[in-house]
Amino acid sequence: MIFASDNWAGASQPVMDAMVRHNTGAAPAYGTDPLTLKVRDRFREIFETDDLTVWFTATGTAANALTMAACARPGGLVLTSDIAHVLCDEWGATEFFSHGMKMVPVETRNGRISAQALSRELAKHPAGSRFGTPVAVSLTQASECGTVYPLDELAALTGVAKERDLVCHMDGARFANALVHLGCSPAEMTWKAGIDALSFGGTKNGCWCAEAIVVFNQDALRDLAAHRSRAGHLFSKSRFVAAQLDGYLENGHWLDSARHANAMASRLAEGLTASGHALAHPVEANEVFPVLDFATIARLREAGAAFYEWPEIEAGEGTSGVRLVTSFATTSEEVARFLEIAAG
Ligand SMILES: Cc1ncc(COP(=O)(O)O)c(C=O)c1O
């Protein structure tokens, strides 16, 4: 019963098969190999545009921070949600790689920023202010609370941001989970909704170690090649990152994996609600945040369930907020067993 994180899952079979399949002979290094070029073309197909560049990174943190580095300006501000991974969990990577841009938290509901909240925060930071000037906004899709911005909300947010000429970044560590929830196209959820650059996550949904920065607005992100190389993210054997993404994107495997993870999360949510446990946030992707009493938590732990308590969730006396994350590897049996124990 592994619900601690989608990062606890292994790599999926199609990803591993692709790694093995492409491990033959020699190939040119540093991203000039035919497979890397093929995968870049695949991204162009998937996102329905030729005006796109793709930059592999090893981690989502690197993708986020290097994107910000490439659009940085002196005294720049990056607006993001008050619980964003980029703000709370990346050890100041964006601040470091962007030469000191400041992160400005924007209030959220269920992990999402509203266009109104973004407007209110921007109004506090007129251009030329000594505090700093807004340069970018970073939105997490799916959010850290497992919710998903609908397309109209995304468009409203980027609309507000564009009025101030901000670069619009999407942290897509769980991009596929959000995409299958909305049932829209990758293009609709990104550049057609005003997104300039995307941190495209592969690792949580079945890759071993493959993320990519996808840039839709080349003018907004300058010198990304230099930032990426200087930060040590130009892979010499790029073909193996490409191989993972090749297996990941082939035959809709990435979407099937995300659909499965989301379905497992829905099942958890329905079962927990049915047995009287409250949920702190709506379940729209692959994360569930129930409030459980201490006895239930102890029973689950004793039975070997892995999950984290989540102090950010307000919980009453004798209870605790918990985060459950499902993945492509979650089985129906694990979910059923967890629900049985949680039901008491
Ligand atoms: C929303 C979000 N963004 C970015 C990341 C960064 O991923 P990594 O651990 O690969 O740096 C994570 C990882 O948990 C995440 O949940």
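Residues numbered from 1 in each chain as written. Predicted model: local features only at pLDDT ≥ 70, side-chain atom pairs only at ≥ 80, totals over all residues. Heavy atoms only, no water.

What counts, and what does not: UniProt positions are given in the numbering used here, feature names are shortened, and annotations may be inferred rather than shown by experiment.
In the nomenclature of an unreviewed UniProt entry, the protein corresponds to L-threonine aldolase from the organism Stappia indica. UniProt's Cofactor (unreviewed entry) comment on the protein is quoted here verbatim: "pyridoxal 5'-phosphate". The protein has a UniProt comment under Sequence similarities (unreviewed entry) that states "Belongs to the threonine aldolase family."

## Some details on helix α7 (residues 151-163)
Applied cut-off: Working definition: helices are DSSP H or I runs of at least four residues, strands are E runs of at least two. Numbering for both runs from the N terminus. Here the expected length of a helix is defined as 1.5 Å per residue gap, with one fewer gap than residues. Burial classes: relative accessible area under 20% of the type maximum marks a residue as buried, over 50% as exposed, and values in between as partly exposed (1.4 Å probe, protein chains only). What the arc measures is the spread of directions leading from the helix axis to the C-beta atoms. Contact criterion: two residues are considered in contact whenever any of their non-hydrogen atoms come within 4.5 Å of each other.
Across its 13 residues, α7 extends 18 Å between first and last C-alpha, which sits within 8% of the 18 Å expected from 1.5 Å per residue. Inspection of α7 places Leu154, Leu157, Thr158, Val160 and Ala161 among the buried residues, and these make up the whole buried set. Buried residues of α7, viewed axially, fall in a sector of 155°; they line one side. Turned more than 90 degrees off the buried face of α7, the exposed positions are Asp152 and Glu163. Those residues of α7 that are buried lie in contact with α6 (115-123), β4 (133-140) and β5 (167-172).

## Describing the packing of helix α8 (residues 175-182) against helix α11 (residues 253-274)
Defined as follows: Angles run from 0 to 180 degrees between N-to-C directions of axes, and those axes are lines fitted to C-alpha atoms, restricted for helices to the stretch in contact. Orientation is classified from the angle alone, with under 35 degrees giving roughly parallel, over 145 giving roughly antiparallel, 65 to 115 giving roughly perpendicular, and any other angle giving oblique. Amino acids outside the nonpolar list (Ala, Val, Leu, Ile, Met, Phe, Trp, Tyr, Cys, Pro) and the charged list (Asp, Glu, Lys, Arg) are all regarded as polar, and Gly is one of them.
Between α8 and α11, the least distance of the axes is 8 Å, while the angle of their chain directions is 80°. Taken as axis vectors, α8 and α11 run roughly perpendicular relative to one another. Contacts between α8 and α11 involve Phe175, Ala176, Asn177, Leu179, Val180 and His181 on the former and, on the latter, Trp254, Leu255, Ala258, Arg259, Ala261 and Asn262. In terms of residue class, the contact of α8 with α11 is made up of 8 nonpolar, 3 polar and 1 charged.

## Points about the environment of Gly247
As for its position among the elements, Gly247 is in helix α10 (residues 238-249). Given a relative accessible area of 1%, Gly247 falls into the buried group. Leaving out residues up to four positions away in the same chain, Gly247 has contacts with Pro14, Val15, Ala18 and His253.

## Some thoughts on the nonpolar core
Inclusion rule: The nonpolar core is taken to be a set of buried Ala, Val, Leu, Ile, Met, Phe, Trp, Tyr and Cys residues, with the residues joined through side-chain atoms within 4.5 Å. Segmentation into domains, and thus their bounds, comes from an automatic or database assignment.
Ranked by internal contacts, the top residues of the largest apolar core, which has 57 residues, are Phe43, Leu118, Phe200 and Leu245. With 7 residues, α10 is the largest single contributor of residues to this core. There are two domains that each give this core at least three residues, and those are domain 1 (12-251) and domain 2 (253-343).

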